[in-house]
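Each chain, letter by letter, is given below.
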Amino acid sequence: MAVLVGLPAVDYAFAAGDEPGEYLDRRVLIWNLFYKMMTVAFITGSVVSGTIIWQVWRFRESHPKAKPTSYEGTDW
Amino acid sequence: MTLELQKPRPIWQIMFSTHHTDVGLLYLISSLTFLFLGGSLALGIRAELFLPGSQIIADAMTFNRIFTVHGTTLIFLFIIPFASAVGNYYVPIMVRYKDMAYPKLNAIAFWMIPPAGVLIWLGFADFTWYATPPYSIISAPGPAADMWIFGLKILGISSVLGALNFVVTILKCKHPDMSIGQIPLMAWSFLSSSLIIMVAIPTFAAALLMLLTDRLGVSGFFNPAMGGDPISYAHLFWFTFHPEVYVLVIPAIGMMYEIIPRFSRKPIYSYSSGVFAFVMLSIVGFSSWAHHMYATGMSFTEKTVFMVGTLAAVPASAMHVFNFVATMWNARIRFSTPMMWAVGGIALFFSAGAGGVVNSAMPLDFTTHDTYWVVGHFHLFVMGTIAFGSIGYLYYMFPYVTGRMYNETLGKIHFILSFIGTVLVFFTQHVLGLYGMPRRIYDYPPIPEWIAMNQIASIGAMIIGISMAVFLANMIHSAGKGKFADTDDPFGLGGKYYYPFEAKNPSH
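No experiment lies behind these values; they were computed from the predicted model shown.

1. Things to note about the interface of chain A and chain B
Thinking step 1. With 33 residues of chain A at the contact, the number on the chain B side is 35 residues.
Thinking step 2. At the boundary of chain A with chain B, total buried surface from both sides reaches about 3200 Å², with 75% on carbon and sulfur atoms.
Thinking step 3. Counting across the interface, chain A meets chain B through four salt bridges.
Thinking step 4. Two residues, A:Glu61 and B:Arg334, come together in a salt bridge whose shortest N-O distance is 2.7 Å.
Thinking step 5. With 18 residues, helix α2 (residues 20–58) of chain A is the largest single contributor of residues to the side of chain A that touches chain B.
Thinking step 6. In terms of residue class, the side of chain A that touches chain B is made up of 20 nonpolar, six polar and seven charged.

2. Focus on the packing of helix α3 (residues 60–94) of chain B against helix α5 (residues 113–123) of chain B
All names here are of chain B.
Thinking step 1. The geometry of α3 relative to α5 is characterised by a closest axis approach of 10 Å and an angle of 170 degrees between their N-to-C directions. Accordingly, the angle class assigned to the pair α3 and α5 is roughly antiparallel. When α3 is examined against α5, the residues Arg 65, Val 69, Thr 72, Thr 73, Leu 77 and Pro 81 are found in contact with a partner set consisting of Ile 113, Gly 117, Ile 120, Trp 121 and Gly 123.

3. A word on the confidence of the model for chain B
As a note on interpretation, predicted positions should not be read in detail where pLDDT is low.
Residue and element names in this part refer to chain B.
Thinking step 1. The pLDDT averaged across chain B works out to 92; a share of 96% of its residues lies at or above 70.
Thinking step 2. Contacts for the low-pLDDT stretch residues 501–508, under 50 throughout, to residues beyond four places or in other chains number 14 contacts.
Thinking step 3. The ipTM assigned to the predicted complex is 0.83, against a pTM of 0.92.

4. As for the side chain of B:His320
Thinking step 1. Here B:His320 is to be found in helix α12 (residues 313–328).
Thinking step 2. Every residue in contact with B:His320, bar those within four places of it in the chain, is listed here: B:Ile253, B:Tyr257, B:Gly274, B:Ala277, B:Phe278 and B:Leu281.

5. What to know about unusual backbone geometry
Residue and element names in this part refer to chain B.
Thinking step 1. Geometrically, the link from Pro 133 to Pro 134 is a cis peptide bond, its omega value of 5 degrees lying close to zero.
Thinking step 2. Mapped onto the fold, Pro 134 is located in the loop between α5 and α6 (135–138).
Thinking step 3. Note the cis peptide between Gly 142 and Pro 143, where omega equals 0 degrees.
Thinking step 4. Mapping Pro 143 onto the fold places it in the loop between α6 and α7 (144–172).

Definitions and cut-offs
- Residues numbered from 1 in each chain as written.
- Chains lettered and ligands numbered in written order.
- Predicted model: local features only at pLDDT ≥ 70, side-chain atom pairs only at ≥ 80, totals over all residues.
- Heavy atoms only, no water.
- Contact = heavy atoms within 4.5 Å.
- Buried area = accessible area lost by both parts, 1.4 Å probe.
- Salt bridge = Lys/Arg side-chain N within 4 Å of Asp/Glu carboxyl O.
- Helix = DSSP H or I, 4+ residues; strand = E, 2+ residues; numbered from the N terminus.
- Nonpolar A, V, L, I, M, F, W, Y, C, P; charged D, E, K, R; others polar.
- Axes fitted to C-alpha atoms, helices over the stretch in contact; angles between N-to-C directions.
- Parallel < 35°, antiparallel > 145°, perpendicular 65-115°, else oblique.
- pLDDT = per-residue confidence, 0-100.

Written out as structure tokens, the structure is:
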């Protein structure tokens, strides 16, 4: 995702010239990149954190549906 | 199975031993002592900041001394030596060797730590753990500053000797039947972090020498009055200490790689991705040091390079997290104390990582630079991830070291209180930073939001303090009077725990 989303945006920022008027565009673009990154980070973070919380509840050994793994009873 | 405390021996036998488990025990006791010393300073800091104005600390310089020694102690005298304790116990056993490659060097590396700790604590320097120049050169009071510099110098040598020993033990002393692709992931974590130390530390060693000669007035590397540049110190410092972040976190993740599969009753989901992620972190750790310095006037191009370099650590870190999540999937997990610490550590690792994305992005970095956001971010890493992984592993290895079981209820109380306290302190500090409170200040204006958030953070710190008291009582009582552990299966999980290779030292 970093390659597909991040790098083209950085390339785009560098495509701007060095004129004073275009300097501001770089800042806008980099903020834009930042918001994209934060959107990805927080969505991924929420999904992973939610998954961990669900796993803790669902795969605890006291859960009614808990069943032995295929490795139990072996010297894995 | 090696049980250090089950067969009591005179203390001098342990102190002058070069056997890896004895040295590991010394590292363990020393690091935990410094954990409590450094932690008590943190409580002092939080008590001072509970309200605006002077509370319990006399003046700003004393406050500066306290947080300088707090940071230095917990990073250099707790986290790194604790990892060495675990590595000393387990790495030789994991690679099926009788001891560390150079046992005497190993003992020397440990015995450098107490004098360094004494120098740092007797000096009580005031220039932050970063030794901020030009203040540290021009007007930081001696001999405190010089004692700190010598202390850090000794600790650097100790780290390099320890790292050298781990690398040789893993690469050259592993059993001939064992390929590098078969050593456990925790041993891989020690190999990765040791290689980082060997590359990164010499740079800081040079910077310390330059700092000292600057203080003596014979050079002016970082002294603007003599044509020097404090920013060059920042480059040298962060070239060492951004990779050092990975030196701290990689062994903690390695410890989680031992705990999570064991308590999930399954092997790790992907061994190769774990190895790949460790190697990747070791490499990309060196591509991001200047993200600490966006505010120093670097060019847009430089900042962009370091921003991308920093973000390169995200995929490798995510691989570890996904590996843990996949391992726990469809498992039958026993939430004993070590597992609770490990899972809590993963959750906070992800939170700290999300905050890191903000720091790495140069636009927002300017907003959060030198605010409490940064304090919250790195404390969430060092406490929420590294200390959580380390303390979880301490509970895991407790039966191995003592032959006795800790009190499970007290262990869980310790975790729950620490988790609540950590969230209260460090999440709040992020928000406090967004409200503009600078870091490293002794007093602050009576802004209602600042007061409220400082009080929440201080209450969280007190909760952590209480949890640590529970922890200390549990460790001391259980080591002497705890139930005897079933050392083949102390947690009742089945399978092989501690790599069934006997220590071969005749004294055992």
